[in-house]
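In case you want the letters, here they are:
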Amino acid sequence: MTQPIDTTETPQAPRLGRDFQRYWQSYTVNATGSALAAGALPLVAIVVLHADALQVSLLAAVGSIAAAIISLPLGAHVDRADKRTIMITTDVVQFAAVASVPLAAAFGALTFAHLCLIAIIQTTCAIAANSSAFAYVKQAVPVELRTLANSRTDTVAWTTQTLGPPAGGALIGLIGPTVTLIADAASYLASALLLRRVTPAPPAADAQPAAVWSRRELFAGWSLLLREPGLRALYFNAMIFGGAITWSSPLIAILMLREAHATPLQYGIALGIPGLGGLAGAWLSPKIATRLGTNRTMLIFGLARTPWLLALPLAGSGWAAVAVITGSQLALMSTAGIFNPLFSTYRMTATPDHLMARVSAAWSVTAKSVQPLFITAGGVLATVLTIRSSLLVAGAFCVTSALFLPWRTPATPQG
C-alpha cells in the first residue's frame, strides 16, 4: 500500500517538502546531463557515420513523429500509473538506450537505424517523464506553493540550457561525442536512483482502474484543452509564441554570422547572455506574483515577452548587431522567465488530476508537430524574400500570440 506524499518541512527542505526537494535534485541531475549532451546524437551521425544533411534532418524528424504517435496511448497509461514509477522507468530506459551508442561505436556496430531508434526512445521517454513530473509536482506541492515549485524547476532549466551546451561543446571537443553520451547516460541512472527516495504518488482517485483504448480516452487531453476557456487560450498562445521563436532561431544565426558579419565569439555572447535573463526571471517570478497577484503578473509578462523579435530586422553589423540581438533576446527571455512558472501553475491547477499526463502529452505532441512547420515557413519566406523580412513576420506572429492570453478568465482556477 502506498504511503502519502511526505510534505514535512525541515531545515533542509523549507516550505516545499522533502519529496519535492528530492524530485528537484533528480531533475537537476537529469537536466544537467541532457544539456551537456545537447547535439551529441547528430554529431555522432556526422562524425562517426558520415551522415549527410538529409540524414541528420531525418534523425530529428523521425524521433518527433514516432514519439507523437506513441504518446497517444502512453498518456492514458501514465494517468493511471504511479508517477514515480514512470519517471524511474523512463530514466532507466534512457540510460540503457544512450549507453548503447558508445558501446556499439566501440565495436564498430553503430548504424544510422540504431541512432534513429535512440532518437525515438529518447523523445518518447521525455514526453512520458515530463507528463509524469508535471502530475507529480501537483500532487506533492500545496496549491499556494506551486508557483514557487515551478520557479525552482524553471531556474534549473534556464541554468542548464545556458551553461550546458557551451560546456558540452567543449567536452565534445576534448573527448568526442560518443564519450560525452556516457555522461548523459550516467545522469539518467543517477536520476533514477535519486527518485527511489521519493514517496510514491498513487493515481488520481477519479482515474479509471483499467485502460480503455477508445478514441475518447486517447484524445481526452486535447478535448480538455479545447473545452476549458483558460487552457484553450494558453494552448493557442503557447503554440503561436513557441512557433515564432523556433521560426526565428536558425535565422538569427544566419543574420549574425552571414549578414551582420559577427564573429563566433560575438555569436556566442548573443546566445549566452539572454539565458541569464531567463534565469533571473524564473527566480523573480514568485516574488513579483506575490506583489502584483498571480493572474495579473501572468498577463502583464505574457504580453511583455511578445514584441522583442520585431527589433531583430534593425540589427546592423558587428558589435552593433550583437547589441541589438542580445538586448532583444535578453528582454524576451527575462519576461518569458517570469511568465513561464505562472503559466505552468495555471495549467497545473486547471487540469483535473486524472488527466494531467494526457494534457501534458497533448501539449508536447502539438508543439513538436507545429514547430517544424514554423521553421520551414520561416526558411521558405527567407528564401523568397529576405532574412530580415522573415524575422519581421516571425515578430508579428509573436505579437499576435498575446491575443490568446486568458484575458477573459481572470480568476485563478482551483484544483
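Residues numbered from 1 in each chain as written. Predicted model: local features only at pLDDT ≥ 70, side-chain atom pairs only at ≥ 80, totals over all residues. Heavy atoms only, no water.

### Focus: the overall build of the protein chain
Move 1: Helix and strand content of the protein chain: 15 helices and zero strands.
Move 2: Within the protein chain, buried positions represent 51% of all 415 residues.
Move 3: Across the protein chain, contacts joining residues at least 24 apart in sequence account for 87% of those joining residues at least 6 apart. (Helix = DSSP H or I, 4+ residues; strand = E, 2+ residues; numbered from the N terminus. Buried < 20%, exposed > 50% of the residue type's maximum accessible area, 1.4 Å probe, protein only. Contact = heavy atoms within 4.5 Å.)

### Details of the environment of Pro 229
Move 1: Take Pro 229: it is sitting in helix H10 (residues 229-259).
Move 2: When the C-alpha positions of Pro 229 and Pro 406 are compared, they lie 7.6 Å apart, and in sequence the two are 177 residues distant.

### Topic: the pattern of salt bridges
Move 1: Taken as a whole and judged by the stated rule, the model has one salt bridge.
Move 2: Between Asp 353 and Lys 138 there is a salt bridge, with its nearest N and O atoms 3.0 Å apart. Taken as a pair, Asp 353 in the loop between helix H13 (318-350) and helix H14 (356-384) and Lys 138 in helix H5 (residues 112-140) lie far apart in primary sequence, 215 residues in all.
Move 3: According to the relative accessible area criterion, Lys 138 is buried, its value standing at 4%. (Salt bridge = Lys/Arg side-chain N within 4 Å of Asp/Glu carboxyl O.)

### A closer look at the packing of aromatic side chains
Move 1: Counted according to the given criterion, the structure contains twelve aromatic pairs.
Move 2: With a centroid separation of 6.3 Å and 55° between ring planes, the pair formed by Trp 247 and Phe 374 is classed as tilted. Here Trp 247, found in helix H10, pairs with Phe 374, found in helix H14; they are 127 residues apart in sequence, far enough to count as distant.
Move 3: Looking at Trp 247, the relative accessible area reads 4%, which means it is buried.
Move 4: For Phe 374, a relative accessible area of 15% corresponds to the buried category.
Move 5: When the centroid spacing of 5.7 Å and the interplanar angle of 80° are considered together, the rings of Phe 374 and Phe 397 count as edge-to-face. Here the residue Phe 374 occupies a position in helix H14, and Phe 397 occupies one in helix H15 (residues 387-400), the gap between them amounting to 23 residues.
Move 6: Assessed through its relative accessible area of 34%, Phe 397 is described here as partly exposed.
Move 7: Members of the aromatic cluster, each reached through a chain of ring pairs, are Tyr 235, Phe 236, Phe 339, Phe 343, Trp 363 and Phe 404.
Move 8: One residue, Lys 287, lies across the ring of Trp 283, its end atom 4.7 Å from the ring centre. (Phe/Tyr/Trp six-rings, centres within 6.5 Å; stacked < 30°, edge-to-face > 60°. Lys NZ or Arg CZ within 6 Å of the ring centre and 35° of its normal.)

### A word on the UniProt feature "transmembrane region" (unreviewed entry) in the protein chain
Move 1: The feature "transmembrane region" (unreviewed entry), as given by UniProt, occupies residues 27-48, 54-74, 234-255, 267-285 and 380-405 in the numbering adopted here.
Move 2: For the annotated span residues 27-48, helix accounts for 82% and strand for 0% of the residues, and the straight-line distance between the end C-alpha atoms is 30 Å.
Move 3: What you have in residues 380-405 is 73% helix and 0% strand, and the ends, taken at the C-alpha atoms, are 29 Å apart. (UniProt positions renumbered as here; feature names shortened; annotations may be inferred.)

### As for the nonpolar core
Move 1: One finds Leu 225, Leu 234, Tyr 235, Phe 339, Trp 363 and Leu 405 to be the most contacted residues of the largest nonpolar core, which totals 30 residues.
Move 2: For Tyr 235, the residues in contact, after removing those within four places along its chain, are Trp 222, Leu 225, Leu 226, Trp 363 and Thr 366.
Move 3: Residues Leu 255, Leu 309, Ala 321 and Phe 374 belong to the second largest nonpolar core, which totals 23 residues. (Core = buried A, V, L, I, M, F, W, Y, C linked by side-chain atoms within 4.5 Å.)

### So, the environment of Ile 86
Move 1: The residue Ile 86 is located in helix H4 (residues 83-106) in this model.
Move 2: Note on Ile 86: relative accessible area 11%, which makes it buried.
Move 3: Separated by 47 residues in the primary sequence, Ile 86 and Ala 133 place their C-alpha atoms 9.0 Å from one another.
Move 4: In this structure, Ile 86 is in contact with His 77, Val 78, Ala 81, Ala 128 and Ser 132, ignoring residues within four places of it in sequence.

### So, the side chain of Ser 328
Move 1: For Ser 328, the location among the structural elements is in helix H13.
Move 2: When near neighbours in sequence (up to four residues on either side) are disregarded, Ser 328 contacts Trp 308, Ala 311 and Leu 312.

### A look at a nonpolar patch on the surface
Move 1: Residues Leu 43, Ile 46, Val 47 and Val 48 make up a contiguous nonpolar surface patch of about 290 Å² in total accessible area.
Move 2: Structurally, the position occupied by Leu 43 is in helix H2 (residues 40-47).
Move 3: Overall, Leu 43 belongs to the partly exposed group, its relative accessible area being 32%. (Patch = residues over 30% accessible without salt bridge, like charges linked within 9 Å, V, L, I, M, F, W, Y side chains within 5 Å. Areas by Shrake-Rupley, 256 points an atom, 1.4 Å probe, with all protein chains shown as cover.)

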